[in-house]
Amino acid sequence: MRVLSIVGARPQFIKLGPVLRAFEAYGRGGDAIHNTTLHTGQHYDDEMSAIFFEELELPPPDVNLGVGSGPHGRQTARMLTGIEEVLVTAPPDVAVIYGDTNSTVAGALAAAKLGVPVAHVEAGVRSFNRRMPEELNRVVADRISDLLLAPTATAMDHLAREGLAARAVLTGDVMYDSVLVNSGLAERRSRAAARLDPAPGSYGLVTLHRAENTDDGSRLRALVSSLEAVAEKLLPLHWPLHPRTRAALGRHLPGWTPGPRLRLTAPVGYLDMLMLIKRSRIVLTDSGGVQKEAFFLGVPCVTLRPETEWVETVQAGWNRLVEADPAAVLEAASAFLAGAGAAADSSAGELFGGGRAAERVTAELVRFCRSGSRRRSVA
């Protein structure tokens, strides 16, 4: 069986790791899965790309398109061109796409137009906010994929309401698999805690990178004021800066200097991020992946958005949604730090597949390819 795994951004590298391990385990039974990894280059510098392959002990990508950054249309067009060339040269039995980035939708479109079956890992996830580029990518990818591998029962419900239930399978979330495998490794190998010198439970962790939070100057200024208030009044915050956010701060807050308790750092690798989350008292983020990682590790989270794709984390009491308002952010963080609103345990295993999602993804891909499925009509 020949698989083309299409990735391009940090969350996709993390999801790819458990799946490749599951492919390898399946192959030990004598029926090999031949995987080719295509990296679009959407995340292209060492801080956001190479370090994740190294830390997760993933084989280097077989193909790297090196598309880099740029406007959505230009970036996606470059991806389409490069992916199409690979598909024409060596057609796989199935193209596997992950998550919700431009790499996801480019992989789906390129494969579908050539009649190559598409499987979407993390299908059915919805924020219902069409202003988010990620939401548009999810919807398009699911409509044209042949096999929809859903991480949660909520995602399955979304697909059923959209008339896509016949192509959908509940597998669990491969990101939970990754946290289970790598949290112990992070304990042994991460150097972030020693470098930043935060004692466990003495700090909060910030990540901020979504376009809707960084491109709008007034919103970004409100969020920075919110973080400054939390740092000044509640506890110190460590903030590894995404490249997009660093550039946005330069545009919208020129000359701004953070207070001593709001500590800006360079981006960190996956293992360092897991360790920083695990040792923090609270996480403030706009990242869907970091929301889940905090949930998996039992750390309360304030999500700096009015909606989330991962409603399970809110329903379990470990996540609160807030707008870009200093008073609201401060209130949510204060409530968590006072012990209000958190459940006794996160029940992540029950909700996100029990650590066997990659195994189920592999089994469904094998079943799909053995069935002789080809492009089916999509409404």
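Each value, and the rule that gives it
- Residues numbered from 1 in each chain as written.
- Predicted model: local features only at pLDDT ≥ 70, side-chain atom pairs only at ≥ 80, totals over all residues.
- Heavy atoms only, no water.
- Phe/Tyr/Trp six-rings, centres within 6.5 Å; stacked < 30°, edge-to-face > 60°.
- Buried < 20%, exposed > 50% of the residue type's maximum accessible area, 1.4 Å probe, protein only.
- Helix = DSSP H or I, 4+ residues; strand = E, 2+ residues; numbered from the N terminus.
- Lys NZ or Arg CZ within 6 Å of the ring centre and 35° of its normal.
- Pairing = 2+ DSSP bridges.

**Student:** It is not clear to me how the packing of aromatic side chains should be interpreted in this structure. Could you clarify?
**Tutor:** To describe a pair of aromatic rings, you give the distance between the ring centres and the angle between the ring planes. What the rule picks out here adds up to 5 aromatic pairs. Ring geometry for F295 versus F296: centroids 6.2 Å apart, planes at 40 degrees, classification tilted. What makes F295 buried here is its relative accessible area of 1%. When the ring of W310 is compared with that of F352, the centres are 6.1 Å apart and the planes differ by 45 degrees; the resulting orientation is tilted. Taken together, the residues span a long stretch of sequence, with W310 in the loop between β12 (301-303) and α14 (311-315) and F352 in helix α16 (residues 348-352) at a distance of 42 residues. Across the pair, exposure class does not vary: W310 and F352 are buried alike. By way of ring pairs, the aromatic residues Y176, F295, F296, W310 and F352 are connected into one cluster. Taking NZ or CZ as reference, R320 lies 5.2 Å from the ring centre of F336, over its face.

**Student:** How do you make sense of the pairing of strand β8 (residues 204-207) when you look at a structure like this?
**Tutor:** Regular strands have side chains that alternate between both faces of the sheet. Neither face of β8 is open: one carries G204 and V206, the other L205 and T207, and all of them are buried. Strand direction decides the pairing type here: β8 and strand β9 (residues 237-240), joined by 2 bridges, are parallel. Opposite G204, over in β9, you have L237 as the bridge partner. Where β8 lies against strand β11 (residues 282-285), 4 bridges are found, and the strand directions are parallel. Considered in β11, the bridge of V206 is made with L284.

Remember, this is a structural readout, not a statement about activity or role.
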